[in-house]
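Secondary and tertiary structure notes
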Amino acid sequence: MEFNELSLLLLREDVGETYDAVARSAALAVGAEVCHLALYDAKAHELIARRPRYEAPGEAVPQYRLPPSPASARVIETGEPYVSNDPAHDPLYEPSVGQRGIRSILTVPVRYGEHILGLLYALNKPGGFTAEDARTLTALAGAAAVTLENVRLYGEERDRRVLNEGLSELSRALVCTHSEDLVLGTVLDHLRRVMRYDAAVALVFEGSLLRVAASRGGDPGFEVELDSVKPLALALKSTRPVVLGNLEATLARLGLRAVGGPVLVAPLVAAGEVLGAFLFVFEEYVILERDLHLAGAFADHGALFLEAGALLRREQHARARTAAAARITRLAVTRHEPDSLLQAVAPEILGLSGADRVVIYLAQPRSQILVPVAEAGAGPAEDDTIRQSRLDLRSGPFAPLALERRPLLFEGDACSRMPPFHGAASLLAIPLAPREEVLGAIVLA
């Protein structure tokens, strides 16, 4: 028996990689054709197996979580081995077991103290299994249990180390960069070290839209309305990591195509507000409780960064407004002609608003027609079009500026009917009305 090989399992990083060594040692120990190891989840009363319970030639289709068969349930309940040298006629097995090429089965529990960690299945020994084989495999299962427990402890320690290192490195990234997308991508890279996801995205809210800020397995930049991805919307309301079923349609809309399987959703929550989420897709991996904890810890850290970034942007914007107001005040002191002053003010408004183009209009004496007097952001070819443009406050789309003296927002096709704003995605018209009379308007495109 290759007990020496079992000691090498301590050098492996997870239970999955110990499978072949344990199974091979067990099969050699009792002279079986093959041996399988399944871990036992006592809370869910399920077996976690890397391979099918009975692997028929050409049918090696993975099954990862499955309820114990009556024979397995008996071993779990009694803690004793169970031998069946004619499973096709054994009431604890399905009659079809013989059709799968199974002639004999020895099942023993893998126990650590009072806990059953899993089951070892030895299949097909010439002449059948004996009580001695059961004792031999039980002894080997005891050694395997110690190995699995040590691997589990090592895995927990490794997870703590990776988590601490990852959060420390992430903290440094938060301090050194203002790029949300870069930092969220760093989180995805760290989590790949401890979670075997096949694809992942980091999502951030921008108004009612969810934008893909970082992607592993797809392309960033995709945007979706939250209402259009209802399973994801419900998951975000929970404000804690949850596992959802297959979301192929939603994943495709987020730029993740040709992937499917369970999805771990970890909302990014700060001060009770959901700012976004991490989505991890697993095709051939059992999502564990520790994965939820790890994803939640990194999501909390990422959410704090997003919140800090929002506060920083608000502070920067407030400072920019104050600085712009100061510059405009200085311009007003040095420039006494309205047209000259407004032409100097237009670039300040453009930079402060983030718009692509700004045009300032003034009313003509005793007229409700506004004419352009200043602009910023337009190209030379557009100057003539801007100079010829007029805003009629008597009728048409800009009439509410005079009637209600409130900003007007136009979007989509409505902008294309308003020269010189052809091609603009949105248009904001702000009236200049310090009293009851509209003196002009600022239009941002």
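Everything in this summary refers to the structure shown in the same document. (Residues numbered from 1 in each chain as written. Predicted model: local features only at pLDDT ≥ 70, side-chain atom pairs only at ≥ 80, totals over all residues. Heavy atoms only, no water.)

**Here we look at the overall build of the protein chain**
Rule in force here: Helix and strand assignments follow DSSP, with helices taken as H or I runs no shorter than four residues and strands as E runs no shorter than two, numbered in order from the N terminus. In this scheme, a residue with accessible area under 20% of its type's maximum is buried, one over 50% is exposed, and one in between is partly exposed, where area comes from a 1.4 Å probe on protein chains only. Here the accessible surface of atoms and residues is derived via Shrake-Rupley with a 1.4 Å probe, and residues count as covered only by protein chains that are part of the display.
Of regular secondary structure, the protein chain possesses 12 helices and 18 strands. Relative to its 445 residues, the protein chain shows a buried fraction of 45%. Within the structure as shown, the protein chain displays about 22,900 Å² of accessible surface, and the carbon and sulfur contribution to it stands at 54%.

**Overview of the nonpolar core**
Convention followed: What makes a nonpolar core is a set of buried Ala, Val, Leu, Ile, Met, Phe, Trp, Tyr and Cys residues whose side-chain atoms join them at distances within 4.5 Å. Residue contacts are defined here by distance: any two heavy atoms, one from each residue, within 4.5 Å place the two residues in contact.
Formed by 30 residues in total, the largest nonpolar core has its most connected members in L184, L191, M195, L264, F278 and F280. Elements with a contribution of two residues or more to this core: α5 (180-192), β7 (199-206), β8 (209-216), β11 (263-270), β12 (273-281) and α8 (289-334). At eight residues, the largest contribution of residues to this core is made by α8. If we skip the residues at most four places from it in the chain, F278 touches L184, V187, L188, V201, A202, L264, V265, A266, L268, F298 and A299.

**As for helix α6 (residues 230-237)**
Every α-helical turn comprises 3.6 residues, leaving residues that sit three or four positions apart pointing alike. Stated precisely, the cut-off is as follows: Taking the helix axis as origin, the arc is that swept by the directions to the C-beta atoms.
Considered for burial, the residues of α6 that qualify are L232, A233, A235 and L236. Projected onto a plane normal to the axis of α6, the buried residues spread over an arc of 160° and lie on a single side. Residues of α6 that are exposed and point more than 90 degrees away from the buried face comprise K230, L234 and K237. If you follow the buried residues of α6, they end up packed against β7, β8, β10 (242-244), α7 (248-253), β11 and β12. Just past α6, the residue T239 takes up positive phi, approximately 60°.

**Description of the sheet that holds strand β16 (residues 408-411)**
Rules: Criterion used throughout: strands pair if DSSP finds at least two bridges between them. Lines are fitted to the C-alpha atoms to define the axes, a helix being fitted only along its stretch in contact, and any angle between axes, read from their N-to-C directions, falls within 0 to 180 degrees.
Read across the sheet, six strands follow the order β15-β14-β13-β18-β17-β16 without closing on themselves; strand pairing throughout is antiparallel. Each of the sheet's edge strands pairs with one partner strand only, and the pair in question is β15 (391-392) and β16. In terms of strand pairing, strand β14 (residues 369-376) meets β15 through two bridges, oriented antiparallel. In the sheet register, L370 faces β15, and the bridge partner there is L391. This element, helix α9 (residues 338-353), spans β13 (358-363), β14 and β18 (440-444) of the sheet and lies at about 65° to β14.

**A closer look at the packing of aromatic side chains**
What characterises a pair of aromatic rings is the spacing of the ring centres plus the angle enclosed by the ring planes. As a reminder of what qualifies: A pair of Phe, Tyr and Trp rings is counted when the ring centres sit within 6.5 Å of each other, with Trp represented by its six-membered ring. The angle between the planes then sorts it: under 30 degrees is stacked, over 60 is edge-to-face, the rest tilted.
Per the stated rule, a full pass over the model turns up four aromatic pairs. Consider the rings of F278 and F280, whose centres lie 6.1 Å apart with planes at 50°: the pair is tilted. The same class applies to F278 and to F280, which are both buried. What links up through ring pairs into an aromatic cluster is the set Y197, F278 and F280.

**Focus: the sheet that holds β8**
Judged by pairing direction, the sheet is antiparallel, and its six strands sit side by side in the order β9-β8-β7-β12-β11-β10 without closing on themselves. The two strands at the open ends of the sheet, each matched to only one other strand, are β9 (223-225) and β10. Averaged over all adjacent pairs, the angle separating strand axes in this sheet is 30°, with direction ignored. Of the pairings in the sheet, the one linking β8 to β9 comprises three bridges and is antiparallel in character. Within the sheet, the bridge partner assigned to R211 lies in β9 and is E223. Together, β7, β8, β11 and β12 form the strand contacts of α5, whose direction differs from that of β8 by roughly 50°.

**A short note on the pattern of salt bridges**
For clarity, the cut-off: We define a salt bridge as a side-chain nitrogen of Lys or Arg found within 4 Å of a carboxyl oxygen belonging to Asp or Glu.
Following the criterion strictly, the structure yields eight salt bridges and no others. Across the pair E33 and R103 runs a salt bridge, and its minimum N-O distance is 3.4 Å. With E33 in the loop between α2 (15-30) and β1 (34-41) and R103 in the loop between β4 (82-84) and β5 (105-112), this residue pair connects regions lying 70 residues apart in the sequence. Residue classification places E33 among the exposed positions, given a relative accessible area of 54%.

**A short note on the environment of P431**
With respect to the element layout, P431 can be found in strand β17 (residues 426-432). Judged by relative accessible area, which is 14%, P431 ranks as buried. Once residues lying within four places of it in the same chain are set aside, the contact partners of P431 are L401, R405, R406, P407, G440 and A441.

**With respect to the pairing of β14**
Taken across its eight residues, β14 has seven buried, putting it largely inside the fold. Where β13 folds back on β14, the antiparallel hairpin that results is connected by five residues, among which R366 adopts a positive phi of roughly 50°.

**With respect to unusual backbone geometry**
You will see that H45, though not glycine, has its phi angle at about 50°, which is positive. For H45, a relative accessible area of 39% translates into the label partly exposed. Backbone geometry places N124, a non-glycine residue, at a positive phi of 60°. Here N124 shows up in the loop between β6 (115-123) and α4 (131-176).

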